[in-house]
Amino acid sequence: MNTKPAFSGLHPIKIKNARIFYDGSLQNLEMLFDQEKILQIAPEIEVDDDVEIIDAKGLAVLPGLVDTHVHLREPGYEAKETIAAGSRAAAAGGFTTIFAMPNLRPYPSTVETMEPYLEKIANDAVVRVIPFGTITDDEAGRTPTDYAALKKLGIHQFSDDGVGVASGDVMQEAMKKAVEADVLFSCHTEDMNYRAPGASVHEGPYAKKNGWIGIPSACESAQLIRDLGYARQIPVAYHADHISAKESVEALRQAKRDGVNCTAEVTAHHLLLEDRDVQDAMEKMNPPLRSHEDRMALIEGLEDGTLDFIANDHAPHTMEEKTRPMDKAPFGIVALETAFPLLYTEFVDRQKRWSLKQLLEWMAAKPAKRFGLEKTGELREGYRPDFFLADFDRTYTIDPADFESKGKNTPFGGWTANVCVMQTWSEGRPVWTRKNK
């Protein structure tokens, strides 16, 4: 029997009869926590009578997931998503920390626009939401943002997601300023010289067969190669967004060999789907689903460490928008509520190619580490009490009508998942519970 730990004065809670993911595996342990930190993880924990006890028999306790690439759409595009709905969707998918992309109206490029945005997040979000600032003012690609000013508000990460920084001179200037301010860049690389008007899918035989205008891999890789070249000379902390092409994987592999301070993410949909899976605009995303060879390069790149972790580019749109013709519909799909269940189902349960430990590292510990989150992404004593309860014995069919997100634009409706998120806790409080159906 373990000795009783000293409590912090907050409301302590103990979970018993669960399998806790601890030190890389699911173990029959108990976990004691309050609203500040995990207090103890042990086979048996003695507590006073006033400690709340949760019997989680049949469930697993997993570390809260971290997604560094989420579009919450608010302010400016509330018909697509809101901070409240998007953060509930995160909780429904097991995510307890998400980073919100800045392609909003107004853009969070200045202290004056960032402050009310932070206040809105504090009021509405049910999980931890950390916003990006923009790399250039209003993502216009002309003038680097004042990173130091926004850093005083706690903003340490910057992105022009949705567009690439077209000017090499501007990008180099921005990188130098980022080094001075000690902030991280998360970069959407896209050279629009390679993208024809109306282009919607990967350039290849399948696009040609369907009469669609294709997007070549160089649209992504050319600007990434340019940026990595600059990063060889300017020691910026550089993170590459939603990698999709084998050429990009190889460029990142070589940059890492050369000692560049770079990391990269890949999305669940680029790991699960290929260009030949595209039926209509519900499978239209940017970067597009590419060839089988590209998808295999992404999987292998993730496994060998060339790609560092998974982030899912949750991009809600209205159904009116996504039912337009292929060349008129917007890019993007929702992802928060399906990423973990589908990746677990395909790669851990069915293929047995990955372990649960690998998947959780890629979806929690590694993104937390790269983005500077302390005591996050693992279940350890002293860490944030962020976690979710999962049922590995429950199979269900994905139904977009059940999503917490306002966006229902997913290609995964009707897919079967072999794990079910049952409840999510953020800062030691339950923030989402699955409705029994």
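Please read these numbers as outputs of a predicted model, since none were measured by experiment.

(A) How the structure looks around the overall build of the chain. Within the chain one finds twelve helices and 20 strands. A burial count over the chain gives 60% of its 437 residues as buried. Long-range pairs, those at least 24 residues apart, make up 74% of the contacts in the chain between residues at least 6 apart in sequence. As displayed, the chain has an accessible area near 17200 Å², and 46% of this comes from carbon and sulfur atoms.

(B) Just the pattern of salt bridges, in detail. Overall, the coordinates contain 24 salt bridges when judged by the stated rule. Of the charged contacts, one joins Arg-253 and Glu-250 as a salt bridge, the two residues approaching to 3.0 Å between their closest N and O atoms. Of this pair, Arg-253 and Glu-250 both sit in helix α7 (residues 246-257), three residues apart, which is roughly one turn of that helix. Its relative accessible area of 38% is what places Glu-250 among the partly exposed residues. As a salt-bridge pair, Arg-380 and Glu-378 come within 3.0 Å of each other at their nearest N and O atoms.

(C) How the structure looks around the sheet that holds strand β9 (residues 157-158). As summarised here, the arrangement of the five strands in space is β9-β10-β13-β14-β15, forming an open sheet in which the pairing is parallel. This sheet does not close on itself; its edge strands, each paired only once, are β9 and β15 (309-310). Most of the contacts of helix α4 (residues 168-181) go to strand β10 (residues 184-187), to which it runs at about 145°, and overall it touches β10 and β13 (237-240).

(D) A look at the environment of Ala-196. With respect to the helices and strands, Ala-196 occurs in the loop between β10 and β11 (201-202). C-alpha of Ala-196 to C-alpha of Phe-392: the two residues are 196 residues apart in sequence and 45 Å apart in space.

(E) Examining the confidence of the model for the chain more closely. The share of residues in the chain with pLDDT of 70 or more is 98%, and the mean pLDDT across the chain is 96. Long-range and interchain partners of residues 1-7, a stretch whose pLDDT sits below 50, account for 19 contacts in this model, where long-range means more than four residues apart.

(F) Representation of the sheet that holds strand β6 (residues 65-70). Within the open sheet, the three strands sit side by side as β6-β7-β8. Their pairing is parallel. Looking at which strands have only one partner, the edges of the open sheet turn out to be β6 and β8 (128-131). Averaged over all adjacent pairs, the angle separating strand axes in this sheet is 20°, with direction ignored. As defined by bridge partners, strand β7 (residues 95-100) adjoins β8 across four bridges and the pair is classed as parallel. The residue of β8 that forms the bridge with Ala-100 is Pro-131. Against the sheet, helix α12 (residues 356-370) engages β6 and β7, with an angle of about 75° to β6.

(G) Representation of the pairing of strand β14 (residues 262-266). In terms of burial, β14 is largely enclosed, as five of its five residues are buried. A crossover connection joins β13 to the parallel β14 through α7; in handedness this β-α-β unit is right-handed. Across two bridges, β14 lies against β15 in parallel orientation. Bridge pairing in β15 links Glu-265 to Phe-309.

(H) Representation of the nonpolar core. In terms of nonpolar packing, the biggest core is built from 119 residues, with Phe-185 and Phe-340 touching the most fellow members. Counting residues per element, this core draws most heavily on helix α11 (residues 339-350), which supplies seven residues. What Phe-185 contacts, discounting residues up to four positions off in sequence, is Ile-135, Tyr-147, Phe-158, Met-171, Ala-174, Met-175, Ala-178, Val-236, Ala-237, Tyr-238 and His-239. With twelve residues, the next largest nonpolar core counts Met-101, Leu-184, Phe-371 and Leu-373 among its residues.

(I) Layout of the pairing of strand β20 (residues 429-433). Summarising the sheet, strand β19 (residues 420-426) and β20 pair through four bridges and their orientation is antiparallel. Within the sheet, the bridge partner assigned to Thr-424 lies in β20 and is Trp-432.

(J) Examining the environment of Pro-288 more closely. On the secondary structure map, Pro-288 appears in the loop between α8 (268-272) and α9 (292-304). Here Pro-288 falls in the buried class, since its relative accessible area comes to 3%. Linking Pro-288 and Ala-42, residues 246 residues apart in sequence, is a C-alpha distance of 46 Å. Among all residues touching Pro-288, those that are not within four sequence positions of it are Ser-200, Val-201, His-202, Ile-215, Ser-244 and His-270.

(K) Focus on the side chain of Thr-338. Inspection of the secondary structure assignment puts Thr-338 in the loop between α10 (319-322) and α11. The exposure class of Thr-338 is buried, given its relative accessible area of 3%. If we ignore the near neighbours within four places in the chain, the residues touching Thr-338 are Ile-398, Phe-403 and Phe-412.

(L) Focus on helix α2 (residues 111-124). With 14 residues, α2 extends 20 Å between its outermost C-alpha atoms, agreeing within 8% with the 20 Å of an ideal straight helix rising 1.5 Å per residue. Along α2, the residues classified as buried are Met-114, Tyr-117 and Ile-121. Buried residues of α2 fall within an arc of 65° about the axis and therefore sit on the same side. Exposed side chains of α2 directed beyond 90 degrees from the buried face belong to Glu-112, Glu-119, Ala-122 and Asn-123. If you follow the buried residues of α2, they end up packed against α1 (83-92), β7, β8 and α3 (147-151).

Conventions adopted
Residues numbered from 1 in each chain as written. Predicted model: local features only at pLDDT ≥ 70, side-chain atom pairs only at ≥ 80, totals over all residues. Heavy atoms only, no water. Helix = DSSP H or I, 4+ residues; strand = E, 2+ residues; numbered from the N terminus. Buried < 20%, exposed > 50% of the residue type's maximum accessible area, 1.4 Å probe, protein only. Contact = heavy atoms within 4.5 Å. Areas by Shrake-Rupley, 256 points an atom, 1.4 Å probe, with all protein chains shown as cover. Salt bridge = Lys/Arg side-chain N within 4 Å of Asp/Glu carboxyl O. Pairing = 2+ DSSP bridges. Axes fitted to C-alpha atoms, helices over the stretch in contact; angles between N-to-C directions. pLDDT = per-residue confidence, 0-100. Right-handed = clockwise from strand over helix to strand, strands pointing away. Core = buried A, V, L, I, M, F, W, Y, C linked by side-chain atoms within 4.5 Å. Expected span 1.5 Å × (residues − 1). Arc of directions from axis to C-beta.

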